[in-house]
Amino acid sequence: MSDQNGPARHPFEPRPADLAAARRSAPGELERFLGGRPVSVAVRLVFLSLIVGFFLVWLDIRPADIFYSLRLMVLRFWNMGFQALHDIAAYVMAGAAIVVPVWLALRLLTMRGKN
């Protein structure tokens, strides 16, 4: 527990590396929001945008086409009025008829395996 040339160190005394880590400032609100340092997040986003953009151009999909399709979808829902809400509720109910029993069965099997 002691160095060859130095005095004995108490076992609970923090090491220099621990002190250096404690002196580093905690991430600020912006870093916590972004998930890292702003420059590194920006570099990752640019790289990911380059890859996704390459594939979109390769598939002949342009950003204007995406925004136009979204605009048309919103206009269709708006023009359909409350019928759209009725259709969405019908889709949810149809999906829930399958999803909820499967989820319940999986939960019961998981609970049985813990006992």
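It should be emphasised that the depicted structure is a prediction, and the values quoted were computed from it without experimental measurement. (Residues numbered from 1 in each chain as written. Predicted model: local features only at pLDDT ≥ 70, side-chain atom pairs only at ≥ 80, totals over all residues. Heavy atoms only, no water.)

Next up on the list: helix H3 (residues 38-58). Since the α-helix turns once every 3.6 residues, residues separated by three or four places project in the same direction. When the terminal C-alpha atoms of H3 are compared, their 30 Å separation across 21 residues agrees well with the 30 Å that a helix rising 1.5 Å per residue should span. Once H3 ends, the next one or two residues include Asp-60, with phi positive near 60 degrees. (Helix = DSSP H or I, 4+ residues; strand = E, 2+ residues; numbered from the N terminus. Expected span 1.5 Å × (residues − 1).)

The geometry of two aromatic rings is summed up by the distance between their centres and the angle between their planes. Under the counting rule described, the total for this entry stands at two aromatic pairs. When the centroid spacing of 5.4 Å and the interplanar angle of 70 degrees are considered together, the rings of Phe-54 and Phe-55 count as edge-to-face. Ring geometry for Phe-55 versus Trp-58: centroids 6.3 Å apart, planes at 75 degrees, classification edge-to-face. Here Trp-58 and Phe-55 lie together in helix H3, a separation of three residues that amounts to about one turn. For Phe-55, a relative accessible area of 41% translates into the label partly exposed. Following the ring pairs from residue to residue traces out a cluster consisting of Phe-54, Phe-55 and Trp-58. (Phe/Tyr/Trp six-rings, centres within 6.5 Å; stacked < 30°, edge-to-face > 60°. Buried < 20%, exposed > 50% of the residue type's maximum accessible area, 1.4 Å probe, protein only.)

By the secondary structure assignment, Arg-37 is in the loop between helix H2 (29-34) and H3. The exposure class assigned to Arg-37 is exposed, which follows from its relative accessible area of 61%. Separated by ten residues in the primary sequence, Arg-37 and Pro-27 have C-alpha atoms spaced 8.5 Å apart.

In the structure shown here, the tally under the stated rule is two salt bridges. Taking the shortest distance from any N to any O, the salt bridge between Glu-29 and Arg-32 comes out at 2.7 Å. A residue pair is termed a helical-turn pair when its members lie 3 or 4 positions apart in one helix, as Glu-29 and Arg-32 do in helix H2 at three residues. Considered together, Glu-29 and Arg-32 belong to a single accessibility category, that of exposed residues. As a salt-bridge pair, Asp-60 and Arg-62 come within 3.7 Å of each other at their nearest N and O atoms. (Salt bridge = Lys/Arg side-chain N within 4 Å of Asp/Glu carboxyl O.)

Right, let's get into unusual backbone geometry. The phi dihedral of Asp-60 is positive, around 60 degrees, even though this residue is not glycine. Topologically, Asp-60 is positioned in the loop between H3 and helix H4 (63-80). The exposed category is assigned to Asp-60, whose relative accessible area is 56%.

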